[in-house]
Amino acid sequence: TLEYDVTPGFYYLRVTDQSSNFDTSYAFTLKATFIPAVDPQEPNNSMFDAYTITTSSIEGYLFPSEEHDWFKVWVNDGSTLTVDVTNIPSNIRPSLHLYDRNRNYMWVSFTAEHDGDPAHVSHLFNESGYVYIQLYDADSHKNWLQKYTLTVSGNSPAPAEIPVVTEHEPNGVI
């Protein structure tokens, strides 16, 4: 049995015997399986594709190819945002980081010491805006068979967007 995790693309398989002898008396069977994993937050692999969290917790997977999951939440001035990652797959060592409303790294982070350990960060904000949450495996492992749980508290619903009104002035008159 050979198992290999692949990313989307074309692959070729070559089967030979150890001595490169051709013998039609031996047969083999090739069986390929596909295990789909549905993650409704995908794609969220970059800050600009961050998934907006509107509930207190969500579940997700860390897929192959050094995936980083990005989320965003709205916080109000004076709010303490707490982010917990639990139900970690046993081969994942979570690393959790916060970025401010201007997408600047805040130096608020936590990386688990051991695989399967939970992650936790908390921060008091002095201005309102979106906060970006980055989650990835510190050792670049992946696991699409077991979901992690990300829980947030201290966030608020984002305010409704107000359309911009353009004022008109009569041209040529000061």
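Residues numbered from 1 in each chain as written. Predicted model: local features only at pLDDT ≥ 70, side-chain atom pairs only at ≥ 80, totals over all residues. Heavy atoms only, no water.

**Focus on the pattern of salt bridges**
Keep this limit in mind: Any carboxyl oxygen of Asp or Glu within 4 Å of a side-chain nitrogen of Lys or Arg constitutes a salt bridge here. Each helix is a run of H or I in the DSSP string that is no shorter than four residues. Each strand is a run of E no shorter than two, and both are numbered from the N terminus. Each residue's exposure class comes from its accessible area (1.4 Å probe, protein chains only) as a fraction of the maximum for that residue type: buried when under 20%, exposed when over 50%, partly exposed otherwise.
One pass over the structure, following the stated rule, counts 3 salt bridges. Lys 147 is the partner of Glu 59 in a salt bridge, and the nearest nitrogen-oxygen pair spans 3.6 Å. Highlighted residues: Glu 59 in strand S2 (residues 57-62) and Lys 147 in strand S9 (residues 143-153), separated in sequence by 88 residues. The exposure class assigned to Lys 147 is partly exposed, which follows from its relative accessible area of 35%.

**Digging into the nonpolar core**
Keep this limit in mind: Residues grouped as a nonpolar core are buried Ala, Val, Leu, Ile, Met, Phe, Trp, Tyr and Cys residues, joined through side-chain atoms within 4.5 Å. Residue contacts are defined here by distance: any two heavy atoms, one from each residue, within 4.5 Å place the two residues in contact.
Grouped together as the largest cluster of nonpolar side chains are 24 residues, with contacts concentrated most on Val 83, Leu 98, Ile 133 and Leu 150. Among the elements of the structure, S2, strand S3 (68-75), strand S4 (80-86), strand S5 (94-99), strand S6 (105-111), strand S7 (119-124), strand S8 (129-137) and S9 are those that each provide at least two residues to this core. Once residues within four sequence positions are removed from consideration, Val 83 is found in contact with Leu 96, Leu 98, Ala 119, His 120, Val 121, Ile 133, Leu 150, Thr 151 and Val 152. Counting 5 residues, the second largest nonpolar core, distinct from the first, contains Ala 50, Trp 70, Tyr 99 and Tyr 132.

**Side note on the sheet that holds S2**
Strand pairing in a sheet relies on backbone hydrogen bonds. The paired strands run either parallel or antiparallel. Our working rule: Note: two strands are recorded as paired if DSSP finds a minimum of 2 bridges between them. Orientation is described by axes fitted as lines to C-alpha atoms, over the contacting stretch for helices, and by angles from 0 to 180 degrees between their N-to-C directions.
Read across the sheet, 4 strands follow the order S2-S9-S4-S7 without closing on themselves; strand pairing throughout is antiparallel. Taken across any chain shown, the strands that pair with only one partner, and hence form the sheet edges, are S2 and S7. Sheet twist, expressed as the average angle between the axes of neighbouring strands with direction ignored, equals 20 degrees. Sheet analysis places S4 next to S9, joined by 5 bridges and oriented antiparallel.

**Section: the sheet that holds strand S1 (residues 51-52)**
If you trace the 5 strands from one edge of the open sheet to the other, you get S1-S3-S8-S5-S6, paired in mixed fashion. Unpaired on one side and paired on the other, S1 and S6 mark the two borders of the sheet.

**Here we look at the environment of Glu 3**
Note on placement: Glu 3 falls in the segment before S1. Residues Glu 3 and Thr 33, spaced 30 residues apart in sequence, show a C-alpha to C-alpha distance of 9.8 Å.

**Comments concerning a nonpolar patch on the surface**
Definition in use: Patch building starts from residues that exceed 30% relative accessible area and form no salt bridge, then joins like charges within 9 Å and nonpolar side chains (Val, Leu, Ile, Met, Phe, Trp, Tyr) within 5 Å. Using the Shrake-Rupley algorithm and a 1.4 Å probe, accessible areas are obtained, with residue cover drawn only from the displayed protein chains.
A grouping of Leu 13, Val 15, Phe 28 and Leu 30 is seen on the molecular surface, where their side chains present a nonpolar patch of about 450 Å² in accessible area. Structurally, Val 15 is set in the segment before S1.

**What to know about the layout of surface pockets**
One way to see where empty space is left: roll a probe the size of a water molecule over the atoms. As a reminder, the rule being used: Every definition here rests on a 1 Å grid over the protein atoms only: cavities are sets of points where a 1.4 Å probe fits but cannot get out, pockets are open sets enclosed by protein on both sides within 12 Å along at least five of seven lines, and lining residues have some atom within 4 Å of a point. Grid points are joined across faces, edges and corners, and a volume is the space filled by probe spheres set on the points. Three categories are distinguished: nonpolar for Ala, Val, Leu, Ile, Met, Phe, Trp, Tyr, Cys and Pro, charged for Asp, Glu, Lys and Arg, and polar for the others, with Gly belonging to the last.
Each pocket or cavity is described by its volume, and for the second largest pocket that value is around 200 Å³. Per-class residue counts for the lining of the second largest pocket are 5 nonpolar, 2 polar and 2 charged.

**As for the packing of aromatic side chains**
Filter applied, for reference: In summary, the pairing rule links any two rings of Phe, Tyr or Trp, Trp by its six-membered ring, whose centres are within 6.5 Å, and it sorts them by plane angle into stacked for under 30 degrees, edge-to-face for over 60 and tilted for everything else.
Inspection of every chain in the model, using the stated rule, returns 4 aromatic pairs. Relative to Tyr 99, the ring of Trp 70 has its centre 5.1 Å away and its plane inclined at 50 degrees; by these criteria the two rings are tilted. Here Trp 70, found in strand S3, pairs with Tyr 99, found in strand S5; they are 29 residues apart in sequence, far enough to count as distant. For Trp 70, a relative accessible area of 7% translates into the label buried. Owing to a relative accessible area of 14%, Tyr 99 belongs among the buried residues under this scheme. Here Tyr 99 and Tyr 105 contribute two aromatic rings whose centre-to-centre distance is 5.2 Å and whose plane-to-plane angle is 55 degrees, an arrangement assigned as tilted. Following the ring pairs from residue to residue traces out a cluster consisting of Trp 70, Tyr 99, Tyr 105 and Trp 107.

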